[in-house]
Amino acid sequence: MTNPLYDQLFGKNAGKTSPFLRLSDGRTITHTGFLDIAAQIANHFAKVGLRPDDRVAVQVDKSPEALAVYAACVQAGLVFLPLNTAYTLDELSYFLEDAAAAVLVVDSKRETALEDMAARQGTRLETLNADGTGSLTEAASREDRTFDTAERKPSDLTALVYTSGTTGRSKGAMLSQSNLLSNARTLVEAWRFTSDDILLHALPIFHTHGLFVATNVTLMAGGSMIFLPGFDIDEIARLLPRSTVLMGVPTFYTRLLRYDGFTADLASGVRLFISGSAPLLPETHIEFERLTGHKIIERYGMTETNMNTSNPYDGDRRAGTVGYPLPGVEISITDPDTGAAVPAGEIGMIEVRGPNVFGGYWNKPEKTAAELRETGFFITGDLGKIDDDGYVHIVGRAKDLIISGGYNIYPKEIESVLDSLPEVLESAVIGIPDADFGEAVVALAVAAPGHKIESQKALSSVRDSLARFKHPRVVLEIDVLPRNTLGKVQKNVLRDRYASLDLDTLPK
Ligand code: MCA
Ligand code: AMP
């Protein structure tokens, strides 16, 4: 039987008694111990009737067992569908229906609220809590610790990862075994990962960054992770001296720089700091180097493509750039209107082609056709240029997207909810600079005739439908939305007008 992804991430670590996960309470889980849990879960999934290609949706807190569900899916040929724990029941219901998930694994606190919805969709409900307890692990604990690994081809679907769109609902990006494998191989090489590496893992495991980048790279190298439930700056400072690599979003680095106890000493045993998911301000890069002597490696990726570029391990890591295209990845800069290549050095749409690029959006052929060219180039929606030395610069976004603390937020989704309120005639949602999250969400709204807009009241109305991180920090009433001659709202005008709005005086 062959299953290349299982063999190269997990199977090759079988029998190893070295630590894979180091938990903050001092416990460790060896590679073998982890694979045992995964095999037990895979056996349970098979016993309840799941078959290769079935979708397993997972919305649970970070834990070793939650990560083992991913390994179990790879081993059993199931499609792993990770979901942000912040998603509301409304948001969840869409994903379950769209993906026709065979199973949904959730925290037991959510079980009752989801029973009806799961029954309607024909989805089996399992529970898994942050402490590893729940119906899933309880049933799995009675199963064998070996599982007959399912045969999979490199092109087989392995993960369905939802990503929001400028218009319409979220789209499930279909990632194959070879998408994930090729990227993991490339990154191990590019960042020189070995079995001696100890990665300080404080990212969530429901997105590409914490799951496919951090975890797959560590697994492929046979290394280990200090596996934290989330980002806690005191824990980061305590555990950094025991780590060799830190991987995070820019907020990790700005918070470290503001942390009183953060010194060059704390960072002296670390060989590599990596940043991505959002722009790392050149000031942060420079200040971090001044304080620690380390130049952070900034890289650029997407859910649809995994990682595309990285600053070099050896060679100049340039602040404000995302480095060179990774080996095997082609970057083309094109005219956003015509798709033709722009002259060298000019700004245009970043397009990407390579073994890392996904196969399309789940059940959305028209969206796939609009973003993935027949030539294999994926139109990223990011604007950039390649300089004379070959470094890629991201200079803006053609897509209407806000990135807050590494989470993507599409204004349209929030505007639709606000526009449905009786007191709102129309709204525009923008991102403004924020020292902690990079960008903060602000809503501007025009009141319906005879109404006034009260920020707190409007915010309480979005609470049930939108995940917490998407909530605007404030909803400001304005007389009119600025529009261009074609009637399109000029968000750049709004961003300029509200750039220095003082958010510190508002509740977070
Ligand atoms: C938490 N909150 C947020 C965010 N995170 N609000 C906006 N944006 C956020 N990112 C809310 C909380 O619910 C809380 O609300 C309040 O803000 C303050 O939370 P705080 O304790 O400060 O936050 P935290 O728990 O420390 O989290 C901040 C964080 C986290 C560590 C930056 O957001 C995070 O782990 N981000 C990483 C996201 C990520 O992995 N992105 C990769 C996507 P309340 O007070 O009401 O409870 S993959 C990707 O983008 C591509 C592929 C790539 O290139 O990597
Ligand atoms: P996601 O859809 O969550 O995969 O987010 C992908 C988007 O994050 C990209 O299209 C970029 O806009 C942004 N992104 C990721 N890494 C970087 C980076 N290093 N600098 C700027 N933007 C980035």
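Predicted model, so just to flag it, every value in this text is computed and none were measured.

Observations concerning the site of ligand 2
Next, step 1: Near ligand 2 there are 16 residues, and of these Arg 299, Thr 303, Asp 382, Lys 399 and Asn 408 occur at the shortest range.
Next, step 2: Between Thr 303 and ligand 2, the recorded distance is 2.5 Å, taken from a backbone N or O atom to an oxygen atom.
Next, step 3: Contact between ligand 2 and Lys 399: an oxygen atom at 2.7 Å from a side-chain N or O atom of the residue.
Next, step 4: In the complex, 91% of the free accessible area of ligand 2, which totals 500 Å², lies under the protein chains.
Next, step 5: Here the shell around ligand 2 takes five residues from strand E13 (residues 297-302), the largest share from any one element.
Next, step 6: For the shell around ligand 2, a count of residues per class yields seven nonpolar, five polar and four charged.

Examining the nonpolar core
Next, step 1: Counting 84 residues, the largest nonpolar core has Phe 10, Phe 34, Phe 45, Leu 67, Val 69, Tyr 70 and Trp 191 as its most contacted members.
Next, step 2: The residues touching Trp 191, leaving out its near neighbours within four places in the chain, are Val 213, Met 247, Arg 271, Leu 272, Ile 274, Ile 297, Arg 299, Ser 310 and Tyr 313.
Next, step 3: Of all hydrophobic cores here, the second largest spans 41 residues; its members include Ala 101, Ile 402, Val 424 and Ala 458.

Considerations on the sheet that holds strand E16 (residues 330-334)
Next, step 1: Judged by pairing direction, the sheet is antiparallel, and its four strands sit side by side in the order E16-E17-E18-E19 without closing on themselves. With partners counted over all chains shown, the strands left at the sheet margins are E16 and strand E19 (392-397), one partner each. For this sheet the average axis-to-axis angle between neighbouring strands, irrespective of direction, equals 50°.

Here we look at unusual backbone geometry
Next, step 1: At Asp 53, a residue that is not glycine, the phi angle is positive and equals roughly 85°.
Next, step 2: With respect to the helices and strands, the residue Asp 53 is situated in the loop between helix H2 (31-47) and strand E3 (55-59).
Next, step 3: For Asp 53, a relative accessible area of 38% corresponds to the partly exposed category.
Next, step 4: At Arg 192, a position not held by glycine, the phi torsion is positive, near 60°.
Next, step 5: Residue position: Arg 192 is located in the loop between helix H7 (177-191) and strand E9 (198-201).

Re helix H8 (residues 208-221)
An α-helical segment advances 3.6 residues per turn. Residues three or four places apart therefore align on the same side.
Next, step 1: Taken as a whole, H8 carries its principal kink of about 25° at Thr 215.
Next, step 2: In terms of residue burial, H8 counts as a mostly covered element, since 14 of its 14 residues are buried.
Next, step 3: Just downstream of H8 lies Gly 222, where phi reads positive at about 75°.

With respect to the sheet that holds strand E24 (residues 474-477)
Next, step 1: Strands sit in the order E22-E23-E24 across an open sheet of three strands; the sheet is mixed. The open sheet is flanked by strand E22 (424-434) and E24, the only strands paired with a single partner. Ignoring strand direction, the axes of neighbouring strands in this sheet form an average angle of 30°.
Next, step 2: Pairing between strand E23 (residues 438-447) and E24: four bridges, direction parallel. Bridged to Val 442 within E24 is Val 474.
Next, step 3: In the packing of helix H14 (residues 411-419) onto the sheet, the strands contacted are E22, E23 and E24, and the crossing angle to E22 comes to about 145°.

Some details on the pattern of salt bridges
Next, step 1: Counting across every chain of the model gives 30 salt bridges.
Next, step 2: Between Arg 27 and Asp 25 there is a salt bridge, and its shortest N-O distance comes to 3.1 Å.
Next, step 3: We note a salt bridge from Arg 255 to Asp 436, for which the minimum N-O separation is 2.8 Å. One end of the pair, Arg 255, is in helix H10 (residues 250-258); the other, Asp 436, is in the loop between E22 and E23, with 181 residues separating them in the sequence.
Next, step 4: Classification of Arg 255 by relative accessible area gives partly exposed; the value is 26%.

Structural notes on empty space enclosed by the protein
Next, step 1: All told, the structure shown has three cavities of 30 Å³ or more when counted by the stated rule.
Next, step 2: Within this model, the largest cavity holds a volume of roughly 80 Å³.
Next, step 3: What lines the largest cavity is Val 58, Gln 59, Val 60, Ala 66, Phe 80, Pro 82, Leu 83, Ile 205 and Phe 206.
Next, step 4: Breaking the lining of the largest cavity down by element, the ones donating at least two residues are E3 and strand E4 (79-82).
Next, step 5: Across the lining of the largest cavity, the residue classes break down as eight nonpolar, one polar and no charged.

A few points about the packing of H10 against helix H12 (residues 282-292)
Next, step 1: At a closest axis distance of 10 Å, the pairing of H10 and H12 adopts a crossing angle of 45°. When the axis of H10 is compared with that of H12, the two are oblique. The handedness of the crossing between H10 and H12 is left-handed. Facing Tyr 253, Thr 254, Leu 256 and Leu 257 of H10, the residues of H12 in contact are Thr 284, Glu 287, Phe 288 and Leu 291.

Thoughts on the site of ligand 1
Next, step 1: For ligand 1, the set of nearby residues contains 22 residues, the closest of which are Arg 255, Ser 277, Arg 299, Ser 404 and Arg 468.
Next, step 2: Gly 405 is positioned such that a nitrogen or oxygen atom in its backbone is 2.9 Å from a nitrogen atom of ligand 1.
Next, step 3: Expressed as a share of its isolated accessible area of 1,000 Å², the protein-covered part of ligand 1 is 73%.
Next, step 4: Those elements that place two or more of their residues in the shell around ligand 1 are H8, H10 and E13.
Next, step 5: Broken down by class, the residue content of the shell around ligand 1 amounts to nine nonpolar, 10 polar and three charged.

Rules used throughout
Residues numbered from 1 in each chain as written. Chains lettered and ligands numbered in written order. Predicted model: local features only at pLDDT ≥ 70, side-chain atom pairs only at ≥ 80, totals over all residues. Heavy atoms only, no water. Near = heavy atom within 4 Å. Polar contact = N/O pair within 3.5 Å; in protein donor to acceptor, adjacent residues only side chain to side chain. Areas by Shrake-Rupley, 256 points an atom, 1.4 Å probe, with all protein chains shown as cover. Helix = DSSP H or I, 4+ residues; strand = E, 2+ residues; numbered from the N terminus. Nonpolar A, V, L, I, M, F, W, Y, C, P; charged D, E, K, R; others polar. Core = buried A, V, L, I, M, F, W, Y, C linked by side-chain atoms within 4.5 Å. Buried < 20%, exposed > 50% of the residue type's maximum accessible area, 1.4 Å probe, protein only. Contact = heavy atoms within 4.5 Å. Pairing = 2+ DSSP bridges. Axes fitted to C-alpha atoms, helices over the stretch in contact; angles between N-to-C directions. Bend = angle between axes of the 7 residues up to and from the residue. Salt bridge = Lys/Arg side-chain N within 4 Å of Asp/Glu carboxyl O. 1 Å grid on protein atoms, 1.4 Å probe; cavity = no way out; pocket = protein on both sides within 12 Å on 5 of 7 lines; lining within 4 Å. Points joined across faces, edges and corners; volume = space filled by probe spheres on them. Parallel < 35°, antiparallel > 145°, perpendicular 65-115°, else oblique. Left-handed = near helix turned anticlockwise from the far one by under 90°.

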